[in-house]
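Geometric and topological summary
Spelled out from the first residue to the last, the chains are:
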Amino acid sequence: MELFTQLFGDLLAFVYHCFDRIVIHGYLTGLSRPEHVVHFFRAVVGAPVITKEILSERTNHYQSWVEAFARNHRIPIEWAEKGIRKEDFVLRWRRRMVRKNAYGVYFIFKSMEVGPTFRISVPKYPTKDPNYRIIAHQRSRFTHYYFYIRDEVLGPIVMRVGSFLPFQATYYLNGHSFIEHQLRAANVDFRKDDNAFLAVSNVAALQAAADKLSPEIIRKRLDYWTFVLGPKFSAKERRRVKLSRSYAISQVEYCFNFVFKRNFPIHKLFERSCELGLWRLTAHKIAKVFGTRLKRNHRGKLFTVIDQIEHGHHVFRTYFRNAVLRQYEKFSMFLRNELCSNNLYDFGLKKRLDHLDEVRHKFQSIINRFAGFQAQWLNVHTDFPLLQRIALPITVGAVRHPGIKIQDTRIIRLLEVLLHAGTQVGGWTAREIHEAILTTFDLSAGAYGLNQLRYDLRKLKAHGLVERDGTRYAYLLTRKGVQVALLLLFFHKRLCGPLANSRFHHRPNAQHRPDSRLELAYHRADKAIEKIVDLLAAA
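Residues numbered from 1 in each chain as written. Predicted model: local features only at pLDDT ≥ 70, side-chain atom pairs only at ≥ 80, totals over all residues. Heavy atoms only, no water.

Digging into the overall build of the protein
This is how it is decided: Secondary structure elements are taken from DSSP: a helix is a run of H or I of four residues or more, a strand is a run of E of two residues or more, and numbering for both begins at the N terminus. A 1.4 Å probe rolled over the protein chains alone gives each residue an accessible area, and that area as a share of the maximum for its type sets the label: buried under 20%, exposed over 50%, partly exposed in between. Contacts: residue pairs with any heavy atoms within 4.5 Å of one another. Here the Shrake-Rupley method, with its probe set to 1.4 Å, supplies the accessible areas, and only the displayed protein chains count as covering residues. Positive charges are assigned to Lys and Arg, negative charges to Asp and Glu, while His and the chain termini are left out of the count. By convention, the charge on Lys lies at NZ, on Arg at CZ, on Asp at CG and on Glu at CD.
Check the secondary structure of the protein and you find 18 helices and 18 strands. Here the protein, with 539 residues, has 44% of them falling under the buried criterion. In the protein, of all internal contacts separated by at least 6 residues, the share reaching a separation of at least 24 is 66%. If you sum the accessible surface of the protein, you get close to 30200 Å²; carbon and sulfur atoms cover 52% of it. Treating the 85 positive side-chain charges of the protein as one cloud and the 48 negative ones as another, the clouds have centres 6 Å apart.

As structure tokens, this is what we get:
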């Protein structure tokens with residue numbers, strides 16, 4: 001990471017890293033196993049026989065409570081329709097909560113999904129206890145509730161609760177939402193779009209807020225909403241059975257965000273990274289990035305691919321077992337490296353929420369290695385369409401100025417004269433430039449008039465290549481103008497001109513060439529061009 005910021009620091013506005021999407025499973029400690037269910041209903045509830053009707057009664061009570069909760073608090077509750085993205089559908093209700101500066105549940109979805117529950121069956125053979133029943137785990141399809149919540153600490157979160165015993169809960173939260181609330185509380189100005197910060201007045205405060213997200217903060221808020229929205233138990237049941245939730249990380253994403261000052265370098269760097277990554281990021285290199293050693297008995301995925309999520313939006317993915325390291329550009333403002341894991345055991349990490357800080361450090365080291373490899377690959381000359389950009393017309397105020405064509409002889413002569421302005425500290429007047437051009441290139445006043453020169457100067461000034469002294473009409477090349485003039489003149493006189501003459505007019509004899517490295521390079525370029533022409537003709 002340090003190498004990346006060192007090489008491209010002049011292009012970056014700021015860099016920050018944080019957790020993005022986190023998915024957490026919540027398990028009822030006292031009702032997660034069949035033996036726990038038997039103890040609960042026999043010893044605590046006092047039911048002699050555990051039947052399907054007893055389990056269904058618990059489900060019906062919870063479903064009735066959810067319907068009453070939505071009705072009493074005037075919260076819309078609907079069935080989720082197929083093909084509709086839930087987050088987009090509830091967006092207008094969330095915006096209403098933001099306008100009111102209110103916190104709480106603002107929408108409830110009902111969805112038929114497969115989840116864990118228990119199966120009750122009568123033994124095949126008679127037993128000493130006539131009330132004995134076989135209770136085993138199974139997965140079946142039943143109603144799940146999605147509670148969309150605006151939390152005062154974590155921001156927008158989603159809590160999914162299964163309506164069948166053991167009432168497993170799943171929590172969806174985003175680290176960017178937590179950072180947003182922290183920055184608002186600290187009165188730090190920022191600009192955020194979707195799940196990315198595009199501008200911030202205090203970068204240190206942004207990173208400090210990202211590092212503040214801890215297991216203690218998450219557990220406290222999840223316990224609160226589980227108590228409010230989860231299944232209800234009596235005081236006696238809570239005293240006799242441990243009904244607290246234990247939390248495990250199901251999916252976690254950690255991202256590094258490189259926010260650039262301009263959008264042009266982002267696309268070029270990402271394009272170059274995809275080209276190099278597909279053939280340089282080999283299996284052994286991928287294993288090295290993820291901090292492990294490649295073995296023959298490796299299980300799971302191990303490859304790189306470029307996916308097109310939508311038109312014009314590509315994602316470079318590196319797969320390793322149950323994890324994927326993604327890179328993509330977003331909003332033409334920043335480049336993101338994002339590591340997502342669906343099984344923390346792949347990294348030798350534990351899934352309990354208490355180990356979130358270990359996940360943070362491990363993922364940081366992996367993304368750092370990936371960014372270090374990329375920085376070395378990207379530390380090369382890349383293409384910049386200078387000739388195409390300056391050839392496009394430009395509008396300044398209400399005036400539209402034409403582009404600068406590389407084959408325009410008048411512009412090339414003017415740039416060559418302006419490059420020799422070392423003796424004119426205060427700039428050249430139009431008449432002085434006109435006289436210099438006529439003298440240097442042996443032109444008459446009729447072939448290149450003063451009005452034509454002034455037209456060319458206005459064109460160069462519109463493109464930012466020439467600047468004028470504010471007190472008088474004296475012209476000088478800008479810093480950009482000097483670089484563009486050198487590139488165009490070198491291209492015409494030192495590169496394209498000699499090679500084109502050797503191809504179409506006269507090719508110097510290689511046996512009698514002068515002892516010059518430049519002339520040797522020209523002969524090598526001639527041979528390379530000739531070889532390319534022959535290969536194209538053969539194809």
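Topic: the packing of aromatic side chains
For any pair of aromatic rings, the description rests on two quantities: the centre-to-centre distance and the angle between the ring planes. Note the following rule: Here is the rule: rings of Phe, Tyr and Trp (six-membered ring for Trp) pair when centre to centre is within 6.5 Å. Planes less than 30 degrees apart are stacked, more than 60 are edge-to-face, and the remainder are tilted. For a lysine, the NZ atom is tested; for an arginine, the CZ atom; a charge sits over a ring if that atom is within 6 Å of the ring centre and within 35 degrees of the ring normal.
Tallied over the full model, the rule gives 26 aromatic pairs. On the basis of an interplanar angle of 25° and a centroid distance of 6.1 Å, the ring pair of Phe-14 and Tyr-16 is categorised as stacked. As far as the burial class goes, Phe-14 and Tyr-16 line up, both buried. A connected cluster of aromatic rings, assembled from ring pairs, spans Tyr-62, Trp-65, Phe-69, Tyr-145, Phe-147 and Phe-167. Directly above the ring of Tyr-146 sits Lys-86, whose terminal nitrogen or CZ lies 4.9 Å from the centroid. Note that Lys-232 overlies the ring of Trp-65, its terminal NZ or CZ placed 4.2 Å from the centroid.

Some points on a positive patch on the surface
Note the following rule: Two joining distances apply to patches: 9 Å for like charges and 5 Å for nonpolar side chains (Val, Leu, Ile, Met, Phe, Trp, Tyr), and every residue must have over 30% relative accessible area and no salt bridge. The term salt bridge refers to a side-chain nitrogen of Lys or Arg lying within 4 Å of a carboxyl oxygen of Asp or Glu.
Taken together, the side chains of Arg-92, Arg-94, Arg-95, Arg-96, Arg-99 and Lys-100 define a basic patch exposed on the protein surface. As for its position among the elements, Lys-100 is in helix α5 (residues 91-100). For Lys-100, a relative accessible area of 60% puts it in the exposed group.

Quick look at unusual backbone geometry
The amide bond that connects Leu-165 to the next residue, Pro-166, takes the cis arrangement and shows omega of 15°. You can see Pro-166 is positioned in the loop between β5 (155-162) and β6 (169-174). Phi is positive for Arg-74, close to 55°, though the residue is something other than glycine. Tracing the chain through its elements places Arg-74 in the loop between α3 (52-72) and β2 (77-79). For Asp-442, which is not glycine, the phi dihedral falls at a positive 55°. Structurally, Asp-442 can be placed in the loop between α15 (430-441) and α16 (450-462). Residue class for Asp-442 comes out exposed when judged on its relative accessible area of 72%.

Some thoughts on the pairing of strand β4 (residues 134-151)
Going by this rule: At least two DSSP bridges between two strands are required for those strands to pair.
Taken together, the 17 bridges between strand β3 (residues 104-121) and β4 define a ladder with antiparallel strand orientation. Residue pairing in the sheet places Gly-104 in a bridge with Arg-150 of β4. As consecutive antiparallel partners, β4 and β5 are separated by 3 residues.

Some points on the packing of helix α14 (residues 409-419) against α16
Short version of the rule: Note on definitions: angles span 0 to 180 degrees between N-to-C directions of axes, and those axes are lines fitted to C-alpha atoms, for helices only across the stretch in contact. For this classification, under 35 degrees means roughly parallel, over 145 means roughly antiparallel, 65 to 115 means roughly perpendicular, and everything else is oblique. Polar here means any residue other than Ala, Val, Leu, Ile, Met, Phe, Trp, Tyr, Cys and Pro, which are nonpolar, and Asp, Glu, Lys and Arg, which are charged; Gly is therefore polar.
Two elements in contact, α14 and α16, have axes whose closest approach is 11 Å; the angle formed by their N-to-C orientations is 80°. Our classification of the angle between α14 and α16 gives roughly perpendicular. Counting all contacts with α14, which are made through Arg-410, Ile-411, Leu-414, Leu-415 and Leu-418, the residues of α16 involved are Gln-452, Leu-453, Tyr-455, Asp-456, Leu-457, Lys-459 and Leu-460. Grouping the amino acids of the contact of α14 with α16 by side-chain chemistry returns 8 nonpolar, 1 polar and 3 charged.

Looking at the pattern of salt bridges
Tallying each qualifying case throughout the model produces 18 salt bridges. In this structure, Glu-338 engages Arg-326 in a salt bridge whose closest nitrogen and oxygen atoms are separated by 2.7 Å. Placement of the pair is Glu-338 in strand β13 (residues 334-341) and Arg-326 in strand β12 (residues 323-330), with a sequence separation of 12 residues. Here Glu-338 falls in the buried class, since its relative accessible area comes to 2%. Arg-326 gets classed as buried once you look at its relative accessible area, which sits at 13%. If you follow the salt bridges from partner to partner, you end up with Glu-253, Arg-326, Arg-336 and Glu-338 in one network.

Considering the sheet that holds strand β17 (residues 466-468)
Sheet architecture is open: 3 strands sit in the order β16-β18-β17, paired in antiparallel fashion. The open sheet is flanked by β16 (428-429) and β17, the only strands paired with a single partner. Taken together, the 3 bridges between β17 and strand β18 (residues 474-477) define a ladder with antiparallel strand orientation. In the strand pairing of β18, Arg-468 is matched with Tyr-475.

A closer look at a nonpolar patch on the surface
Together, Val-482, Leu-486 and Phe-490 make up a nonpolar patch on the protein surface, roughly 240 Å² of accessible area in all. The partly exposed category is assigned to Leu-486, whose relative accessible area is 35%.

With respect to the side chain of Thr-226
Mapped onto the secondary structure, Thr-226 falls in helix α8 (residues 215-229). Since its relative accessible area comes to 10%, Thr-226 is described here as buried. Beyond its immediate stretch of four places on either side in the chain, Thr-226 contacts Met-159, Tyr-171, Arg-245 and Tyr-247.

Looking at the nonpolar core
Our working definition: Grouping buried Ala, Val, Leu, Ile, Met, Phe, Trp, Tyr and Cys residues that are joined through side-chain atoms within 4.5 Å yields what is termed a nonpolar core.
Ranked by size, the top nonpolar core spans 82 residues in total, and within it Ile-24, Val-105, Phe-147, Ile-218, Phe-290 and Phe-363 carry the most contacts. The contacts of Phe-290, once residues within four sequence positions are left out, are Thr-318, Phe-320, Ala-323, Leu-325, Leu-339, Phe-347, Ile-366 and Arg-369. Listed in part, the 28 residues of the second largest apolar core include Leu-414, Ile-437, Tyr-448 and Leu-465.

Looking at the environment of His-492
Relative to the assigned elements, His-492 resides in helix α17 (residues 479-504). Sequence spacing of His-492 and Phe-190 is 302 residues, and the spatial spacing of their C-alpha atoms is 48 Å. With near-sequence residues (within four places) excluded, His-492 lies in contact with Ile-406, Gln-407, Ile-412, Gly-497 and Pro-498.

Considerations on the packing of α17 against helix α18 (residues 517-538)
In a packed pair of helices, the relevant descriptors are the angle between the two axes and the axis-to-axis distance. Stated precisely, the cut-off is as follows: Two helices that cross are described as forming a left-handed crossing if the nearer one is turned anticlockwise from the farther one by less than a right angle, and a right-handed crossing if clockwise.
In the contact formed by α17 and α18, the axes pass within 10 Å of each other and the chain directions differ by 60°. Put simply, α17 runs oblique to α18. Between α17 and α18 the crossing geometry is right-handed. Contact residues: Arg-494, Leu-495, Pro-498, Leu-499, Ser-502 and Arg-503 in α17; Leu-518, Tyr-522, Ala-525, Asp-526, Ile-529 and Glu-530 in α18. Of the residues in the contact of α17 with α18, the class split is 7 nonpolar, 1 polar and 4 charged.

Focus on the state of the cysteines
Structurally, a disulfide amounts to a covalent bond that connects the sulfur atoms of two cysteines. The line we're drawing: When two cysteine sulfur atoms are found within 2.5 Å, that pair is recorded as a disulfide.
Scanning all chains against the criterion turns up 0 disulfides. Counting only cysteine sulfurs, Cys-255 is the nearest neighbor of Cys-18, a cysteine outside any disulfide, at a range of 4.0 Å. Cys-340 forms no disulfide, and the closest cysteine sulfur to it belongs to Cys-255, at a distance of 11 Å.

Just geometry here; none of it tells us what the structure is for.
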